[in-house]
Number of protein chains: 2
Amino acid sequence: MQPISHPLQFFQAHFDKYLSKYQDFLRIPSVSTDPDHKADLQHACDFLVDQLKSLGADYIEVFPTPMHPIVFAEKRASKPDAPTLLIYGHYDVQPVAPLDEWKSPPFEPTLEGDYLIARGASDMKGQVMAVLSAIDSIAQTNDQPLNLKFLFEGEEEIGSPSLETFIASHRDLLACDMVLNPDAGMVGPDSPTIVYGLRGLVYFEVRIDGPKADLHSGLFGGVVANPAIVLSEIIANLHAPDGSVAIPGFYNQVLPLTPEEKARIAANPIRESDLLAITGAPALYGEAGFTPMERIGARPTLDVNGLYSGFIGEGSKTIIPAYANAKISCRLVPNQDPDQVYDAIRTHIESRVPPTVRLTIVKHSGAPAYLADDAPGLQHLASALSETWGKPVIFKREGGSIPVAITMQNYLGVKSLLTGFGLPDDHIHSPNEHQHLPTWKKGVQALIRFITGFEHES
Amino acid sequence: MQPISHPLQFFQAHFDKYLSKYQDFLRIPSVSTDPDHKADLQHACDFLVDQLKSLGADYIEVFPTPMHPIVFAEKRASKPDAPTLLIYGHYDVQPVAPLDEWKSPPFEPTLEGDYLIARGASDMKGQVMAVLSAIDSIAQTNDQPLNLKFLFEGEEEIGSPSLETFIASHRDLLACDMVLNPDAGMVGPDSPTIVYGLRGLVYFEVRIDGPKADLHSGLFGGVVANPAIVLSEIIANLHAPDGSVAIPGFYNQVLPLTPEEKARIAANPIRESDLLAITGAPALYGEAGFTPMERIGARPTLDVNGLYSGFIGEGSKTIIPAYANAKISCRLVPNQDPDQVYDAIRTHIESRVPPTVRLTIVKHSGAPAYLADDAPGLQHLASALSETWGKPVIFKREGGSIPVAITMQNYLGVKSLLTGFGLPDDHIHSPNEHQHLPTWKKGVQALIRFITGFEHES
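Residues numbered from 1 in each chain as written. Chains lettered and ligands numbered in written order. Predicted model: local features only at pLDDT ≥ 70, side-chain atom pairs only at ≥ 80, totals over all residues.

**Q** I'm lost on the overall build of chain A in this one. Help?
**A** Summing up its helical and strand segments, chain A has 15 helices and 18 strands in all. For chain A, the C-alpha radius of gyration of 24 Å lies close to 23 Å, the compact-globule estimate for 458 residues. A burial count over chain A gives 53% of its 458 residues as buried. In chain A, once contacts between residues fewer than 6 apart in sequence are set aside, the share between residues at least 24 apart is 79%. (Helix = DSSP H or I, 4+ residues; strand = E, 2+ residues; numbered from the N terminus. Rg over C-alpha atoms; globule rule 2.2 N^0.38 Å. Buried ≥ 20, exposed ≤ 12 C-beta atoms within 10 Å, placed from the backbone. Contact = placed C-beta atoms within 7 Å.)

Here's what the structure looks like:
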């Protein structure tokens with residue numbers, strides 16, 4: 001009997017108990033955006049501390065922050081030279097509005113066929129409970145071949161305002177050889193996935209000021225430039241007719257896609273019809289010469305995130321607005337420097353502003369893209385996933401950014417293993433969020449295989 | 001002692017009382033666009049009824065409408081064959097947002113030097129109170145040589161939805177020989193003005209829908225069209241680089257300016273430097289080949305009045321908005337048919353919408369332009385104005401539209417005398433609206449002269 005069989009069998013035998021704890025976690029309405037839920041965040045934090053105690057953590061500390069506490073824990077391997085795996089998770093969840101669109105109350109986990117429905121079921125209490133169930137199953141049956149560290153925050157859904165400071169000031173505590181972040185999800189239930197690339201971001205705001213106050217369009221229409229029209233003209237000039245970004249220098253640092261990358265992206269099972277169904281858009285659109293999945297994962301983009309000018313209430317008001325404002329952001333790919341991209345945009349926009357108005361342009365944030373096909377532990381994780389599913393792993397470059405992965409790399413010098421067992425149609429951030437339980441079960445099995453897989457190395 | 005001196009002297013002697021009543025009227029927050037202010041509209045209506053009673057009206061009736069009531073009153077001349085003057089006014093005001101840009105609370109009338117600051121001080125409670133002060137001064141001292149009728153509405157700032165029906169169904173009640181509408185303003189404090197031409201208006205809303213909900217710009221940036229960008233591209237295509245409107249057919253019905261009209265417009269004392277000072281714009285802008293005053297008064301224009309899409313709060317949110325919305329309006333000149341212009345715009349916009357989004361375009365309102373250099377009473381009014389100011393009257397074609405003047409002409413067969421004592425820099429529809437009090441005082445004097453001027457005719 002191989003040692004690896006013990007934790008897998010233990011998990012199988014005690015599945016109902018693990019599912020029940022997962023449901024207990026989901027009952028806590030830990031909505032971090034809502035100050036009224038502050039006590040619930042503490043409650044979720046306490047719940048995690050109990051779980052960590054019960055799986056035999058050697059050290060647990062809860063660090064207060066200005067908002068919601070950070071939980072750190074360590075469970076040491078018996079061998080002193082074992083490598084250290086740091087596991088990241090968050091215990092907060094998104095708000096539930098609109099409540100009337102939920103088929104069952106968001107904090108009363110409900111089983112429907114293969115699905116467990118509740119806020120946080122997928123993002124990411126389900127993933128945190130997969131990790132804890134895997135480690136508990138190992139703890140109950142086996143010696144553990146890795147030192148395990150845990151870092152759970154309660155502010156991910158509000159942008160992790162306390163996390164970077166915490167990591168920067170606790171480098172020794174968090175020192176590790178590998179980082180596992182199961183917040184990245186899978187492309188489909190039969191496609192175990194490792195995300196190895198994330199796009200970066202530059203976010204800025206453009207404001208066009210014209211008259212000193214809103215003007216009556218009858219009295220002044222025809223003699224002053226309209227800031228809403230000037231802003232529209234600026235925005236219209238940010239893209240070329242072929243869907244590419246028309247800002248000189250925007251693509252300067254973008255590396256061409258290698259044939260290997262193109263093949264890796266083409267292996268992703270998501271099709272145009274899937275994207276149409278998920279988005280509800282009448283047709284897809286984007287840069288000519290690239291497939292939709294290449295455009296999402298491996299090409300930089302520019303989007304207007306918000307637009308405001310003048311009168312936006314019901315009915316009509318005949319004004320020339322005093323100003324117009326746009327929030328604009330770019331997703332960046334590896335090798336693009338957010339500062340250089342922003343400078344190119346600013347220079348381009350400045351050159352398009354007529355003397356009839358005044359421009360203000362302000363940068364909100366910038367982060368480079370992330371490429372981690374060499375994250376430590378990648379091969380172990382890939383083997384564990386493909387053994388569990390009996391399928392090759394999909395390696396995916398993803399469109400979004402996971403800032404904590406960049407923070408970890410910057411302060412701890414370790415690239416993250418980005419995976420997870422959520423699916424694209426889990427309705428995260430929306431009503432009726434759910435987790436596909438057969439996928440969750442496989443996820444726990446894969447995590448058991450991943451961690452116990454290091455036994456053969458020592 | 002000429003009889004005309006009595007009311008002028010009476011007004012001079014009781015100026016403080018009239019100013020105080022004017023301030024009482026301004027204290028009523030009669031914002032017609034806001035349902036929460038419904039009781040305030042009734043309050044403003046009651047205030048007018050009290051004023052009409054106190055100046056000795058023979059007949060007063062308040063007509064309910066689906067929104068805010070219409071006040072009608074009559075004060076008969078002692079001579080049975082006296083001509084009848086119908087006076088139009090509105091007691092509602094524009095909203096006050098943005099409130100934090102007001103130097104004093106908008107409904108606490110504040111004297112600052114020569115100015116009275118409050119919402120409605122100029123548009124048009126000040127003008128209504130000028131009329132009522134003039135007639136009261138006459139009533140206290142003189143026989144009145146005209147039958148006077150009053151028509152005050154409370155829905156002008158929301159497009160007068162009840163007025164046309166009311167006028168159409170009360171032609172006998174409103175029958176008159178002349179119409180005075182003091183909602184038109186002056187070109188400067190030393191330039192008494194009669195407006196003889198008004199631009200028409202067509203107002204519509206364009207909405208671009210893309211995805212079924214806001215999307216995460218990381219996960220979907222690059223595969224769907226961004227409604228805010230598509231809307232910007234549509235708006236950018238509404239004008240040609242020379243400042244003209246680029247919609248095919250837009251200028252089809254526009255008549256060329258005659259040399260006489262060009263000369264009349266050139267006689268207007270407003271200079272480019274005045275327009276720069278009033279608007280605060282860094283430079284003027286408009287259709288090539290026409291002077292600024294020609295562009296305001298005699299050329300059609302197109303302006304964006306409001307723009308909304310996605311996230312417009314503080315900070316950043318990385319979404320592709322589900323939709324984008326623009327309020328757009330055109331000022332029209334004589335001979336342009338609002339329906340034909342709207343059709344040309346709709347056809348043009350429809351032709352520019354890509355298949356990646358959905359278009360909705362809705363017309364809010366439309367009114368043709370107006371030309372009335374032969375309105376009855378014009379010479380009496382011009383004499384009264386020029387005697388009061390000691391200057392010749394400016395005859396002006398104005399950029400705005402006054403739909404009630406067209407309605408009056410259609411149903412009562414009388415063109416309106418369009419004047420008023422508001423100034424171009426009164427900040428109407430904007431924060432810190434004010435009335436220049438020395439101009440208001442002269443306005444009351446001119447109205448006294450205008451009405452009493454008919455004595456010599458009987």
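Still more to cover.
**Q** Looking at this structure, how should I read the relation of the copies chain A and chain B?
**A** When chain A is brought onto chain B, the operation consists of a screw motion whose angular component is 178° and whose axial shift is 2.0 Å, with 2.4 Å RMSD remaining. Here 93% of the contact residues of chain A are again contact residues in chain B; the copies associate through an equivalent surface. (Least-squares fit on C-alpha atoms with pLDDT ≥ 70 in both.)

**Q** Just to check I follow, could you spell out the interface of chain A and chain B for this structure?
**A** Note: interface size is frequently given as the accessible area lost on complex formation between the parts. Contacts between the two partners involve 72 residues from chain A and, on the opposite side, 76 residues from chain B. Examining the composition of the side of chain A that touches chain B, we find that 9 residues originate from one element, strand S11 (residues 301-310) of chain A, more than from any other. Residues of the side of chain A that touches chain B, tallied by class, amount to 33 nonpolar, 27 polar and 12 charged. As paired strands, S11(A) and strand S11 (residues 301-310) of chain B are joined by 5 bridges and run antiparallel to one another. Directly across from Ser309(A), in S11(B), lies its bridge partner Leu307(B). (Nonpolar A, V, L, I, M, F, W, Y, C, P; charged D, E, K, R; others polar. Pairing = 2+ DSSP bridges.)

**Q** In this structure, what is going on with the domain arrangement of chain A? I would like to understand it.
**A** Residues and elements named next belong to chain A. Here chain A is partitioned into domain 1 (5-197 + 369-457) and domain 2 (200-254 + 300-367). Just the C-alpha atoms count here: the centres of domain 1 and domain 2 sit 39 Å apart. When the residues that make up the side of domain 1 that touches domain 2 are grouped by side-chain class, the tally is 4 nonpolar, 3 polar and no charged. (Domains from an automatic or database assignment.)

**Q** Before we go on, may I ask you to explain the packing of helix H13 (residues 378-389) of chain B against helix H15 (residues 437-452) of chain B in this structure?
**A** Packed helix pairs are specified by the crossing angle of their axes together with the interaxial distance, meaning the distance between the axes. Residues and elements named next belong to chain B. At their nearest, the axes of H13 and H15 sit 8 Å apart, and the two run at 135° to each other. As far as their axial angle goes, H15 and H13 are oblique. Like other packed secondary-structure pairs, H13 and H15 cross with a definite hand, here right-handed. Note on element contacts: H15 touches H13 through Lys 442, Gln 445, Ala 446, Arg 449 and Phe 450, opposite His 380, Leu 381, Ala 384, Leu 385, Glu 387, Thr 388 and Trp 389. Residues of the contact of H13 with H15, tallied by class, amount to 6 nonpolar, 3 polar and 3 charged. (Axes fitted to C-alpha atoms, helices over the stretch in contact; angles between N-to-C directions. Parallel < 35°, antiparallel > 145°, perpendicular 65-115°, else oblique. Left-handed = near helix turned anticlockwise from the far one by under 90°.)

**Q** How do you make sense of the sheet that holds strand S9 (residues 200-209) of chain A when you look at a structure like this?
**A** Two orientations exist for strands paired in a sheet by backbone hydrogen bonds: parallel and antiparallel. Here 8 strands make up an open sheet; going across it, the order is S14(A)-S9(A)-S13(A)-S11(A)-S11(B)-S13(B)-S9(B)-S14(B) and the pairing antiparallel. Edge positions in the sheet fall to strand S14 (358-367) of chain A together with strand S14 (358-367) of chain B, since each has one partner strand and no second. The average undirected angle you get between the axes of adjacent strands in this sheet is 20°. Relative to strand S13 (residues 323-332) of chain B, S11(B) is paired through 8 bridges, and the arrangement is antiparallel. What sits directly across from Leu307(B), in S13(B), is Ala326(B). Here helix H12 (residues 338-352) of chain A sits on the sheet in contact with S9, strand S13 (323-332) and S14 of chain A, set at roughly 165° to S14(A).

**Q** Would you mind showing me how to read the environment of Leu255(B) here?
**A** Residue and element names in this part refer to chain B. Note that Leu 255 resides in the loop between helix H8 (227-236) and helix H9 (259-266). You can call Leu 255 exposed: it has 11 C-beta atoms within 10 Å. When the C-alpha positions of Leu 255 and Val 333 are compared, they lie 8.4 Å apart, and in sequence the two are 78 residues distant. For Leu 255, the contacting residues outside a window of four places in its chain are Pro 334 and Asn 335.

**Q** I tried to follow the pairing of strand S9 (residues 200-209) of chain B on my own but got confused; where do I start?
**A** Consecutive residues of a regular strand have side chains that alternate between opposite faces of the sheet. All names here are of chain B. With 7 of 10 residues buried, S9 lies mostly within the body of the structure. Pairing of S9 with S13, which is carried by 10 bridges, proceeds in the antiparallel orientation. Within the sheet, the bridge partner assigned to Ile 208 lies in S13 and is Ala 324.

**Q** Before we go on, may I ask you to explain helix H13 (residues 378-389) of chain A in this structure?
**A** One turn of an α-helix holds 3.6 residues; hence residues three or four places apart share an orientation. Residue and element names in this part refer to chain A. Here H13 spans 17 Å end to end across 12 residues, near enough to the 16 Å set by a 1.5 Å rise per residue. All buried positions along H13 are accounted for by Leu 381, Ala 384, Leu 385 and Thr 388. Burial along H13 is one-sided: seen end-on, the buried residues are contained in an arc of 95°. In this fold, the buried residues of H13 make contact with strand S8 (193-198), strand S17 (416-418) and helix H15 (437-452). Positioned one or two residues after H13, Gly 390 has a phi angle of 70°, which is positive. (Expected span 1.5 Å × (residues − 1). Arc of directions from axis to C-beta.)

**Q** What is the right way to look at the sheet that holds strand S4 (residues 110-112) of chain B in this model?
**A** Residue and element names in this part refer to chain B. If you trace the 3 strands from one edge of the open sheet to the other, you get S4-S5-S18, paired in antiparallel fashion. Looking along the sheet, the strands with just one partner apiece sit at the ends: S4 and strand S18 (434-436). Geometrically, the sheet is characterised by an average inter-axis angle of 25° between neighbouring strands, direction not taken into account. Where strand S5 (residues 115-117) meets S18, 3 bridges bridge the pair, whose relative direction is antiparallel. When the bridges of S18 are listed, Tyr 115 appears paired with His 436. Here H15 sits on the sheet in contact with S5 and S18, set at roughly 65° to S18.

**Q** Could you clarify how one ought to interpret the environment of Pro292(A) in this entry?
**A** Within the fold, Pro292(A) resides in helix H11 (residues 292-298). Along the primary structure Pro292(A) and Gln144(A) are separated by 148 residues, whereas in three dimensions their C-alpha atoms are 43 Å apart. Aside from chain neighbours lying at most four places away, what touches Pro292(A) is Glu272(A), Leu275(A), Leu284(A), Gly286(A) and Val223(B).

**Q** Is there a simple way to think about the packing of helix H2 (residues 15-26) of chain A against helix H4 (residues 125-139) of chain A in this case?
**A** Residue and element names in this part refer to chain A. The N-to-C vectors of H2 and H4 enclose an angle of 145°; their axes lie 10 Å apart at closest approach. For the pair H2 and H4, the crossing hand works out as right-handed. Contacts from Tyr 18, Lys 21, Tyr 22, Phe 25 and Leu 26 of H2 reach H4 at Lys 125, Gly 126, Met 129 and Ser 133. Classifying every residue of the contact of H2 with H4 by side-chain character gives 5 nonpolar, 2 polar and 2 charged.

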